[in-house]
Amino acid sequence: MNKSLKKTIRRIFQRKDIIWTGLWFFGLITLWIWDVLFLNKPDLLQIQTAIINTFLMSLSVVILSVFWGWVFSLIVFFLRKLQNQIPYTFFIFSINIIRSIPQIIGILMLYFLITFLMFQNIINNIYIIMLLMAVSIAIFQFLEIMDLFIERIDYYRKTDFFNALLVCGVKELTIINKEIFFKNSRGHILNKLIALFGSTIFLQCSIDFILSIGLSTKISSVNFPLTLGNLLARIDSKQDILAIGHTIMNPTYFGNLFFEHLQGITIAFIIVFTLLCIYKISNAFMERLES
Amino acid sequence: MKRKIIEHSLSIIFIAIIFSILFVLLSQNKKKSQINESSVLAEEFKIDFIDFDNPLHTSILKETLNIFYNNNAADSLLLLYEIDLWRELPSSMQLSGNEISIEKLIQILIMFLKFVLVYILVLGLTYYGVQTLAVFRFVSNKQNKPPLLIRVFSNLKNLKKGISFLESLKIIIASISNFIKAVLKIVFYLILFSPAYVIAYSLKTKFDTDSIVFMIFLGVISNALLITYSQKFYTFLISESNKGYVETALVKNLNNDYSFKSILPSTLLQLKKNFPGHVFNHIFINAQHQYYSTIKEQAAYLITGLIIIEMALNIHGHLGYELMQNLLYQKYHMVLVAVFLIYLTVKATEIFVDIFIFGENKKYQN
């Protein structure tokens, strides 16, 4: 093996975040190949659609959260500068109310509103429903990004950095957006986004799983876009998961899990494996950033 | 501190006012909603010659409904689906209207108390678990041991032609033991990252998943709560260990040996962790102090997790399940009461943590 190749391999192995990203993709692709070989086609198609929908919605949540987090952090920054502190106090008070509502309750209420709109036939386009679902989750997730943005601004305001640039004639907005966020906080923001993507997948799957009970007697989870959560909530997937328990007491049944209970096992594995990999990627990325 | 208490109180009053307004609005619409689908469904049960448990009867009903709805199968199926859902409801929910009675209120308060009890227990257990896991990880990292799988390979590398059979056997046993440890670690990680409903359904055939003990177990072990917050505690430990006072302590000859001879594994498992004479004692105390404000976040995450468990597992007689059922059957008064009680739990935790942090800060003030 030549030296440069060795060097490249060593460098890759030092970057655990890249290894975990690779492992994640490798795991998902291997699983997909296995499913292509052993899972029936209709189920395979459903799983593929569910993965795409879940990841797309989580990505939308992340994008919306970044946008709102950025806008709200700027609002906080400018409100703090006002002599009259009432608007700032009122703003923080409102934000804290959202913070005190458990995410699951808040999202459930907003999903209920979506259900109502679907029932009234006001919305029936699947993409709009998906977007509204992403908005519902983002409302309770963007606060984390907002906090990070505010923390980064505060950190640099404490140092000479901010004032020095102001003296140089750089506008406040440019300092915040370009110098603080883009040039000096990209890593922190990216790390937060990775973690947010993971927690969004968890929340989304949980909500969709709960929705299998239904949010209305007229609308069931069948009316919602197919996601990993509601696919896992289906009776055949649940039976596949029950088979894991059976295997604990009857280890000889283990092999059957990979052939006869593939749908439920695949979905459960995708959720758990994705959460694990995202956690590892986020931590390794942060460690590299700090070293 | 006063300001924080006022802020929390205002927030509670504000939400209480909003909920009261909603409550009144719902009561005004009561008459309209009295003719709801529940009562329409109840009419269906007056046909006493139909036994809904008899497949023949339900098939005949389905055929009749098909004729009635001009072969629109969707409408008849929907009605049958609603009847099924109605029959699954507890009788107390079937018979009552949209209003809230004292009996119902007491029922929901009992469920709430049960929820709070589970919440406090799980919060205590996870607080201990978070610290223990983080401390174990920190100490293990300080020991600079290579990862388990790398240890397996490096052990196997030592298998050379010249060594004796006994030595080879020792190496092989060490490799196998490290490999088993690595596999167990992966399984442990996968369990910690599993959503509660995946673990619960895996064990449903073997355990009573509706019991409070199982709920506590799920609350602690699942939903990535332990791993997420132990990572936060670990980050605080790392940042504290990089501070100047640690170096000063080392210069003053404080113990800095992280082997399990110096820091016994039993001390890591203690409820109140204490490492006298060791530099880690100071790192731990300061990291713990920083973590206090994260308890609010952990508590909110935990409440979300517990509600997910109750809702997803359909545990009858629990707050989350009842909230879901009341939402499903449009009994909004009950939904408002349940949501307000959950909100109060979060607020009570926030107030408690703020008072606790205030007290702790006072201790360290000169």
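In this convention, every chain numbers its residues from 1, walking through the sequence in written order. All chains are assigned letters beginning at A, and all ligands numbers beginning at 1, according to the order in which they are written. Side-chain atom pairs in this predicted model are given and counted only at pLDDT of 80 or more, local residue features only at pLDDT of at least 70, and totals for whole chains, interfaces and linings cover all residues. Only heavy atoms go into the side-chain values, all of them from the structure, while hydrogens and water stay out.

What's the story with the packing of aromatic side chains in this structure? I'm lost.
What describes a pair of aromatic rings is the distance from one ring centre to the other and the angle between the planes of the rings. Under the pairing criterion, centres of Phe, Tyr and Trp rings, with the six-membered ring standing for Trp, must be within 6.5 Å; the plane angle then separates stacked pairs below 30 degrees from edge-to-face pairs above 60, leaving the rest tilted. This model, assessed by the stated rule, comprises 41 aromatic pairs over all chains. Seen from their ring centres, A:Phe254 and A:Phe258 are 5.1 Å apart, and the 80° between their planes marks the pair as edge-to-face. Separated by 4 residues within a single helix, A:Phe254 and A:Phe258 lie in helix H12 (residues 254-260), roughly one turn from each other. We classify A:Phe258 as partly exposed; its relative accessible area is 32%. Here the aromatic rings of B:Tyr189 and B:Phe193 are separated by 6.4 Å at their centres, their planes lie at 10°, and the arrangement is stacked. In this pair, B:Tyr189 and B:Phe193 are both assigned in helix H9 (residues 165-193), 4 residues apart and thus about one turn of the helix distant. Considered together, B:Tyr189 and B:Phe193 belong to a single accessibility category, that of buried residues. The structure contains a cluster of three or more aromatic residues connected by ring pairs, namely B:Tyr127, B:Phe138, B:Phe233, B:Tyr234, B:Phe236, B:Tyr258, B:Phe275, B:Phe280, B:Phe284 and B:Tyr291. Secondary structure counts use DSSP, requiring at least four H or I residues in a row for a helix and at least two E residues in a row for a strand, with both numbered from the N terminus. Exposure classes here rest on a 1.4 Å probe applied to the protein chains alone. A residue is buried below 20% of its type maximum, exposed above 50%, and partly exposed in between.

In this structure, what is going on with helix H1 (residues 2-28) of chain B? I would like to understand it.
At 3.6 residues per turn, the α-helix brings residues three or four places apart onto the same side. The end-to-end C-alpha distance of H1(B) is 39 Å, a good match for the 39 Å that 27 residues give at a rise of 1.5 Å each. Inspection of H1(B) places B:His8, B:Ser11, B:Ile15, B:Phe19 and B:Leu26 among the buried residues, and these make up the whole buried set. The span you would expect from a helix comes to 1.5 Å times its residue count less one.

I'm lost on the nonpolar core in this one. Help?
To qualify as a nonpolar core, a set must consist of buried Ala, Val, Leu, Ile, Met, Phe, Trp, Tyr and Cys residues joined through side-chain atoms within 4.5 Å. Ranked by internal contacts, the top residues of the largest apolar core, which has 170 residues, are B:Leu237 and B:Phe280. Core analysis: the second largest hydrophobic core is formed by 7 residues, B:Ile50, B:Leu61, B:Leu79 and B:Leu80 among them.

What's the story with the environment of B:Gln288 in this structure? I'm lost.
All names here are of chain B. Here Gln-288 is to be found in helix H15 (residues 279-291). For the pair Gln-288 and Leu-237, spaced 51 residues apart in the sequence, the C-alpha separation amounts to 8.3 Å. Those residues in contact with Gln-288 that sit more than four places away from it in its chain are Tyr-127, Gln-131 and Phe-233. Residue contacts are counted whenever heavy atoms from the two residues lie within 4.5 Å of one another.

How should the environment of B:Phe233 be read in this particular structure?
Residue and element names in this part refer to chain B. Structurally, Phe-233 can be placed in helix H12 (residues 225-241). According to the relative accessible area criterion, Phe-233 is buried, its value standing at 0%. Apart from the residues within four sequence positions on either side, Phe-233 is in contact with Val-130, Gln-131, Ala-134, Val-135, Phe-284, Ala-287, Gln-288 and Tyr-291.

What is the right way to look at the interface of chain B and chain A in this model?
The parts lose accessible area when they come together, and the size of an interface is often stated as this lost area. With 50 residues of chain B at the interface, the matching set in chain A holds 43 residues. Taking both sides of the interface into account, the surface hidden between chain B and chain A amounts to around 4,400 Å²; carbon and sulfur atoms contribute 73%. Two parts placed together each lose some accessible area under a 1.4 Å probe, and the buried area is that loss summed for both. Of all residues in chain B, B:Phe193, B:Tyr197 and B:Tyr201 give up the largest surface area on contact with chain A, accounting jointly for 15% of the area buried on that side. In the sections that follow, a salt bridge refers to a side-chain nitrogen of Lys or Arg positioned within 4 Å of a carboxyl oxygen of Asp or Glu. Along the contact surface separating chain B from chain A lie 0 salt bridges. Counted as a polar contact is a pair of N or O atoms within 3.5 Å, where, for protein atoms, one must be capable of donating a hydrogen and the other of accepting one, and residues adjacent in sequence contribute only when both atoms are in side chains. Linking chain B to chain A there are 8 residue pairs in polar contact (both at pLDDT 80 or more). Secondary-structure elements contributing two or more residues to the side of chain B that touches chain A are H1, helix H5 (73-88), H9, helix H10 (196-203), H12, helix H16 (294-312), helix H17 (319-328) and helix H18 (332-364) of chain B. Here the side of chain B that touches chain A gets 8 residues from one element, more than from any other, and that element is H18(B). Classifying every residue of the side of chain B that touches chain A gives 32 nonpolar, 10 polar and 8 charged. Side-chain classes are defined by residue name, with Ala, Val, Leu, Ile, Met, Phe, Trp, Tyr, Cys and Pro counting as nonpolar, Asp, Glu, Lys and Arg as charged, and the others, Gly among them, as polar.

Would you explain the confidence of the model for chain B in this entry?
Residue and element names in this part refer to chain B. The quantity called pLDDT is the predictor's confidence in a given residue, expressed from 0 to 100. Put simply, chain B has an average pLDDT of 82, and 86% of its residues get 70 or more. Across chain B, helix H7 (residues 102-142) holds the top mean pLDDT of 91, while helix H6 (residues 91-95) sits lowest at 50. Here the complex is predicted with pTM 0.82, and the ipTM for its interfaces comes to 0.83.

Help me understand the packing of helix H8 (residues 148-157) of chain B against H9(B), please; the structure alone is not making it clear to me.
For any two helices packed against each other, the geometry comes down to the angle between their axes and how far apart the axes lie. Residues and elements named next belong to chain B. Contact geometry of H8 with H9 gives a least axis separation of 8 Å together with a crossing angle of 165°. Here H8 is positioned roughly antiparallel relative to H9, judged by the angle of their axes. Crossing angle aside, the handedness with which H8 passes H9 is left-handed. Of the residues in H9, those touching H8 at Leu-148, Leu-149, Arg-151, Val-152, Asn-155 and Leu-156 are Ile-171, Ala-174, Ser-175, Asn-178, Phe-179, Lys-181, Ala-182 and Lys-185. When the residues that make up the contact of H8 with H9 are grouped by side-chain class, the tally is 8 nonpolar, 3 polar and 3 charged. For helices, the fitted axis covers only the stretch in contact; all axes are lines through C-alpha atoms, and the angles between them, taken along N-to-C directions, range from 0 to 180 degrees. Should an angle fall under 35 degrees it is taken as roughly parallel, and over 145 as roughly antiparallel, whereas 65 to 115 is taken as roughly perpendicular and any remaining angle as oblique. Left-handed describes a crossing in which the near helix is turned anticlockwise from the far one by less than a right angle; the clockwise case is right-handed.

What is the right way to read unusual backbone geometry from this model?
Most of the time, phi is negative for any residue but glycine, and the peptide bond is trans. Although it is not a glycine, A:Asn121 adopts a positive phi angle of roughly 60°. Structurally, A:Asn121 is set in the loop between helix H5 (103-119) and helix H6 (126-158). The residue B:Asn144 is not glycine, and still its phi comes out positive at about 55°. Among the structural elements, B:Asn144 can be located in the loop between H7 and H8.

Even after reading the chapter, I still don't get the pattern of salt bridges, so can you show me in this structure?
Any two side chains of opposite charge can pair if their charged atoms end up close together. Residues and elements named next belong to chain B. Summed over the entire model, instances satisfying the criterion amount to 13 salt bridges over all chains. The shortest N-O distance in the salt bridge between Asp-354 and Lys-4 comes to 3.8 Å. In this pair, Asp-354 is assigned in helix H18 and Lys-4 in helix H1, connecting sequence segments 350 residues apart. Taking relative accessible area as the criterion, Asp-354 reaches 4% and is therefore assigned buried.

Any chance you could explain a nonpolar patch on the surface here in plain terms?
Residues and elements named next belong to chain B. Residues Leu-149, Phe-153, Leu-156, Leu-159, Ile-172, Ile-176, Phe-179, Ile-180, Val-183, Leu-184, Val-187 and Ile-191 make up a contiguous nonpolar surface patch of roughly 1,000 Å² in combined accessible area. Counting only elements with at least two residues in the nonpolar patch, the list comes to H8 and H9. Among the elements that make up the nonpolar patch, the one with the highest residue count is H9 (8 residues). Counting through the fold element by element, Ile-180 comes out in helix H9. The residues that make up patches have over 30% relative accessible area and no salt bridge, and they are joined within 9 Å when like-charged or within 5 Å when they are Val, Leu, Ile, Met, Phe, Trp or Tyr. Here the Shrake-Rupley method, with its probe set to 1.4 Å, supplies the accessible areas, and only the displayed protein chains count as covering residues.

So what exactly am I meant to see when it comes to the environment of B:Gln298 here?
Positionally, B:Gln298 belongs in helix H16. Separated by 54 residues in sequence, B:Gln298 and B:Phe352 place their C-alpha atoms 14 Å apart.

What exactly am I supposed to notice about a positive patch on the surface here?
We count Lys and Arg on the positive side and Asp and Glu on the negative side, and we leave His and both chain ends out. By convention, charge coordinates are those of NZ in Lys, CZ in Arg, CG in Asp, or CD in Glu. Judged by side-chain charge, A:Lys3, A:Lys6, A:Lys7, A:Arg10 and A:Arg11 come together as a positively charged surface patch. Relative to the elements of secondary structure, A:Lys7 occurs in helix H1 (residues 3-14).

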